[in-house]
Amino acid sequence: MPTRILLEGRPGAGKTTALRRLAALLSTRPVTGFTTEEIRQSGARVGFALETLAGRREVLAHVDLPGPPRVGKYGVDLGVMERLALPTLRPTAESAGRLVLIDELGRMELACTAFRDAVDALFVAEVDVVATVHTHRDPFTDALRRRAGIEVVHLTAANRDVLPGELAARLQQPGTRQGPPAHR
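Residues numbered from 1 in each chain as written. Predicted model: local features only at pLDDT ≥ 70, side-chain atom pairs only at ≥ 80, totals over all residues. Heavy atoms only, no water.

A. Spotlight on the environment of D128. Within the fold, D128 resides in strand β8 (residues 128-134). At a separation of 2.9 Å, a polar atom in the side chain of D128 contacts the side chain of R29. (Helix = DSSP H or I, 4+ residues; strand = E, 2+ residues; numbered from the N terminus. Polar contact = N/O pair within 3.5 Å; in protein donor to acceptor, adjacent residues only side chain to side chain.)

B. The arrangement of helix α4 (residues 113-122) in detail. If you check which residues of α4 are buried, you get F115, A118, V119 and L122. The buried residues of α4 all sit within an arc of 100° when viewed along its axis, so they share a single face. (Buried < 20%, exposed > 50% of the residue type's maximum accessible area, 1.4 Å probe, protein only. Arc of directions from axis to C-beta.)

C. Up close: the pattern of salt bridges. Counted according to the given criterion, the structure contains 15 salt bridges. In this structure, E37 and R20 form a salt bridge, with 3.8 Å as the shortest nitrogen-oxygen distance. With E37 in strand β2 (residues 31-41) and R20 in helix α1 (residues 15-25), the pair connects residues that are 17 residues apart, well separated along the chain. Overall, the relative accessible area of 31% leaves R20 in the partly exposed class. Two residues, E151 and R170, come together in a salt bridge whose shortest N-O distance is 3.0 Å. (Salt bridge = Lys/Arg side-chain N within 4 Å of Asp/Glu carboxyl O.)

D. Layout of unusual backbone geometry. Each neighbour pair has its own omega, and for G67 with P68 the value is -10°, a cis peptide bond. Counting through the fold element by element, P68 comes out in the loop between β4 (57-62) and β5 (70-71). Omega for the peptide link from P68 to P69 comes to 0°, which places this bond in the cis form. Its location among the elements puts P69 in the loop between β4 and β5. One non-glycine residue with positive phi stands out, namely S42, at about 50°. As for its placement among the helices and strands, S42 is situated in the loop between β2 and β3 (44-52).

See the structure below:
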């Protein structure tokens, strides 16, 4: 059975950093997906960029983008989700043994219907998935948390440095389920 992990943490807990470290540690299997990061100007957050694990990067959300949609003060470019994120989630001829890393299942990303559909399909496919989620409630991520076979791992300041290594050890081989990490 594929491994399906929701890596849950509060904003600023280090979810993106943990996912990037996990990707770097997994040299023995194919890994696809994306991460997001803040865009800052003069110390203030003005947006978010999305970057695939293959290195393609675009602005996902920014205070200067008009939207729609808008999430808080940010206009979101859903085309970035379609151009960059979706191709990393879809199965390919080389999908066997693939691990998909998603950072994150948040309001900006979930504003894209095609992305939500792709994530739904991914979580029933025969691939391993690790996705980051906020601790706040959301109908989409709440439904994922309730699915059979989904493991929720809580990322905290106490475990964020060791958790990527623990997850990498479990995920080195496709479809391995060796139990939860020691720090839950």
